[in-house]
Amino acid sequence: MFKVIDVFKIGENVSVTFEGKCEDIKNGSRLIDENGNMYNIISVAMANYDNPLDISKSTTVLIHPCGIEKGELLKIA
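Residues numbered from 1 in each chain as written. Predicted model: local features only at pLDDT ≥ 70, side-chain atom pairs only at ≥ 80, totals over all residues. Heavy atoms only, no water.

Draft legend 1. Spatial organisation of the nonpolar core. Val-16, Phe-18, Ile-25 and Ile-63 are the most contacted members of the largest nonpolar core, which has 14 residues in total. At the level of elements, strand 1 (2–10), strand 2 (13–19), strand 4 (38–44) and strand 5 (58–63) are the ones that each hand at least two residues to this core. If one sorts the elements of this core by residue count, strand 2 sits on top with three residues. With near-sequence residues (within four places) excluded, Phe-18 lies in contact with Phe-2, Lys-3, Val-4, Ile-5, Ile-25, Leu-31, Lys-57, Ser-58, Thr-59, Val-61 and Leu-74. (Core = buried A, V, L, I, M, F, W, Y, C linked by side-chain atoms within 4.5 Å. Buried < 20%, exposed > 50% of the residue type's maximum accessible area, 1.4 Å probe, protein only. Helix = DSSP H or I, 4+ residues; strand = E, 2+ residues; numbered from the N terminus. Contact = heavy atoms within 4.5 Å.)

Draft legend 2. Region of interest: the environment of Gly-11. Assignment of secondary structure puts Gly-11 in the loop between strand 1 and strand 2. C-alpha of Gly-11 to C-alpha of Glu-23: the two residues are 12 residues apart in sequence and 26 Å apart in space.

Draft legend 3. Quick peek at the pairing of strand 1. Note: strand 1 against strand 6 (residues 73–76), two bridges, orientation antiparallel. Considered in strand 6, the bridge of Phe-2 is made with Leu-74. Relative to strand 2, strand 1 runs antiparallel, the two being bridged by six bridges. If you follow Ile-10 over to strand 2, its bridge partner there is Asn-13. Where strand 1 folds back on strand 2, the antiparallel hairpin that results is connected by two residues, among which Gly-11 adopts a positive phi of roughly 60 degrees. (Pairing = 2+ DSSP bridges.)

Draft legend 4. The arrangement of the sheet that holds strand 6 in detail. The strand order around the closed barrel built from six strands is 1-2-5-4-3-6, with neighbouring strands paired in antiparallel fashion. Taking each pair of neighbouring strands and ignoring which way they run, the sheet shows an average axis angle of 45 degrees. Here strand 3 (residues 30–33) runs beside strand 4; their pairing, made up of three bridges, is antiparallel. Directly across from Leu-31, in strand 4, lies its bridge partner Tyr-39. (Axes fitted to C-alpha atoms, helices over the stretch in contact; angles between N-to-C directions.)

This is the structure:
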């Protein structure tokens, strides 16, 4: 499960940050929430960190417009 820790709108799409290292999430992946809503990953962000160990703290993705909120739990569909 991936916990949503941040959400913000970028143009028509939504940037969503998940807690932890989410190496199974790839461009084109589909995520599903606890209510069965499906979300398509447009792109996984390539963040820059001063400390390489920080990369395991979060993963940010771009998805199509939706109502995802902080605290939600999603999994790979």
